[in-house]
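Below are the chains, spelled out letter by letter.
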Amino acid sequence: MVNFVLIAVCIIAGMVFKATKSIHPDAHKGINTWILYLALPAVSFKYLPKVHWSAEMLFPVVATFLTAVFCFFFMMFYSKSKGYSRRSRSTLELVSGYSNTSFIGFPLISAFYGESLLSIAIICDQTMFFALSTLGIIAALKGGSKSGKISAAFILKRLITFPPLIGCVAALVLSQFVDFTPAEPFFDKLAATVSPLALFSVGLQLKFNGWKKLIPQMSVSMFYKLILAPAITLGLALLLGIKGNIARITIFESAMPTVVTSSIIAEQYRLNTKLTNLTIGFSIIAAFFTSAVWFYIIDYFFSG
């Protein structure tokens with residue numbers, strides 16, 4: 001309930017500031033710069049050094065990447081059947097293939113399963129973040145290009161200069177040689193700004209005019225994100241014989257709504273930000289109900 005109120009307050013605040021014209025029309029770009037260059041890298045330095053890697057942790061990694069890969073093919077066929085442009089297809093890939101595994105996922109996991117299992121959720125979150133920083137950026141680049149074709153060298157250049165990805169890799173490497181414990185309070189404060197500022201940025205960009213025309217696209221996006229993605233992860237767990245908490249948390253995390261960072265990437269690469277922001281808002285609200293349903297489905301298959 002607290003998270004839901006915080007979400008609503010941040011988005012509404014952005015809408016109010018925009019309506020009163022007391023803030024610059026491009027203010028969201030400055031906010032997004034803070035998030036991309038400081039807050040998101042801090043998330044990696046906050047969580048990655050604490051992760052205890054093991055062979056069984058490969059399932060959350062594989063499942064999270066497969067969710068994004070399956071989304072690519074799903075949206076490719078759907079977009080072709082509807083005659084959508086490459087820009088629309090890339091937007092759908094961006095808002096459908098990546099979960100809000102921390103801001104929404106962590107509190108819900110604590111509520112349904114207990115805080116002790118957040119260590120598994122962190123694996124899902126950082127894998128999702130890495131996938132978004134690579135596969136998501138590639139999709140955004142293709143959608144933002146007029147021709148839809150981007151050279152491998154250009155993609156590689158944008159990837160290795162994407163601040164969150166740099167932070168992710170740096171946290172993985174440097175944590176093997178440096179103890180970041182003394183800096184944890186600093187990283188905590190920076191990381192804490194991600195969700196409220198990202199949602200405030202969404203509010204600044206949110207436009208409801210013409211939303212009815214976007215219902216088909218929003219619906220298919222939420223269908224994939226909230227229903228099909230966790231179903232795919234569930235099937236993968238059953239197929240591979242993955243059991244226990246690893247399977248339960250991974251499936252539950254894949255059932256989370258659209259990640260708010262997708263709005264920032266969509267804006268940066270000139271995708272359909274109206275569709276992105278509306279889908280984020282509606283999917284977060286819907287997820288509070290669908291996640292409860294998935295909790296009971298997961299319990300049915302993995303109660304032993």
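Residues numbered from 1 in each chain as written. Predicted model: local features only at pLDDT ≥ 70, side-chain atom pairs only at ≥ 80, totals over all residues. Heavy atoms only, no water.

Moving on, we come to the overall build of the protein chain. When you go through the protein chain residue by residue, the secondary structure sums to 14 helices and zero strands. Starting at the N terminus, the α and β elements of the protein chain follow one another as α-α-α-α-α-α-α-α-α-α-α-α-α-α. Taking the principal axes of its C-alpha atoms as reference, the protein chain extends roughly 50 × 45 × 45 Å. Here the protein chain holds 304 residues, and 52% of them are scored as buried. The long-range fraction of contacts in the protein chain, counting pairs at least 24 apart against all pairs at least 6 apart in sequence, stands at 86%. (Helix = DSSP H or I, 4+ residues; strand = E, 2+ residues; numbered from the N terminus. Buried < 20%, exposed > 50% of the residue type's maximum accessible area, 1.4 Å probe, protein only. Contact = heavy atoms within 4.5 Å.)

Here the focus is the environment of alanine 237. Residue position: alanine 237 is located in helix α11 (residues 215-240). Here alanine 237 falls in the buried class, since its relative accessible area comes to 0%. Here the alpha-carbon distance between alanine 237 and valine 173, two residues 64 residues apart in the chain, equals 30 Å. The contact partners of alanine 237, leaving out residues within four places of it in the chain, are Phe59, Ile242, Ala247, Ile251 and Phe302.

This paragraph deals with a nonpolar patch on the surface. A cluster of nonpolar side chains, namely Trp53, Val169, Leu172, Val173, Leu174, Phe177 and Val178, defines an oily patch on the protein surface of about 670 Å² accessible area. If you trace the backbone, phenylalanine 177 turns up in the loop between α8 (163-174) and α9 (184-191). Here phenylalanine 177 falls in the exposed class, since its relative accessible area comes to 70%. (Patch = residues over 30% accessible without salt bridge, like charges linked within 9 Å, V, L, I, M, F, W, Y side chains within 5 Å. Areas by Shrake-Rupley, 256 points an atom, 1.4 Å probe, with all protein chains shown as cover. Salt bridge = Lys/Arg side-chain N within 4 Å of Asp/Glu carboxyl O.)

The UniProt entry lists residues 57-79, 91-112, 118-138, 159-178, 222-240 and 278-298 under the feature "transmembrane region" (unreviewed entry), expressed in the numbering used here. Along residues 118-138 one finds 100% helix and 0% strand; the C-alpha atoms at either end are 29 Å apart. (UniProt positions renumbered as here; feature names shortened; annotations may be inferred.)

In helix α14 (residues 273-301), a bend of some 40 degrees at alanine 287 exceeds every other bend along the element. The distance from a side-chain oxygen at the start of α14 to the backbone nitrogen of lysine 274 is 3.3 Å, and the residue carrying that oxygen is asparagine 272. (Bend = angle between axes of the 7 residues up to and from the residue. Polar contact = N/O pair within 3.5 Å; in protein donor to acceptor, adjacent residues only side chain to side chain.)

The next subject is unusual backbone geometry. The residue arginine 270 is not glycine, and still its phi comes out positive at about 60 degrees. In this structure, arginine 270 sits in the loop between α13 (261-268) and α14. Overall, the relative accessible area of 58% leaves arginine 270 in the exposed class.

Next up on the list: the nonpolar core. If you look at the biggest cluster of nonpolar residues, it comprises 94 residues, and the most contacted ones within it are Tyr98, Tyr113, Leu199, Phe252 and Ile265. Setting aside anything within four residues of it in sequence, one finds isoleucine 265 in contact with Leu94, Leu132, Ile137, Ala140 and Phe162. (Core = buried A, V, L, I, M, F, W, Y, C linked by side-chain atoms within 4.5 Å.)

Relative to each other, α11 and helix α12 (residues 244-254) sit at 160 degrees, their axes nearing to 8 Å. Classified by the angle their axes make, α11 and α12 are roughly antiparallel. As α11 packs across α12, the resulting crossing turns out to be right-handed. Facing Lys225, Ala229, Pro230, Thr233, Leu234 and Ala237 of α11, the residues of α12 in contact are Ala247, Thr250, Ile251 and Ser254. Its residues assigned to classes, the contact of α11 with α12 shows six nonpolar, three polar and one charged. (Axes fitted to C-alpha atoms, helices over the stretch in contact; angles between N-to-C directions. Parallel < 35°, antiparallel > 145°, perpendicular 65-115°, else oblique. Left-handed = near helix turned anticlockwise from the far one by under 90°. Nonpolar A, V, L, I, M, F, W, Y, C, P; charged D, E, K, R; others polar.)

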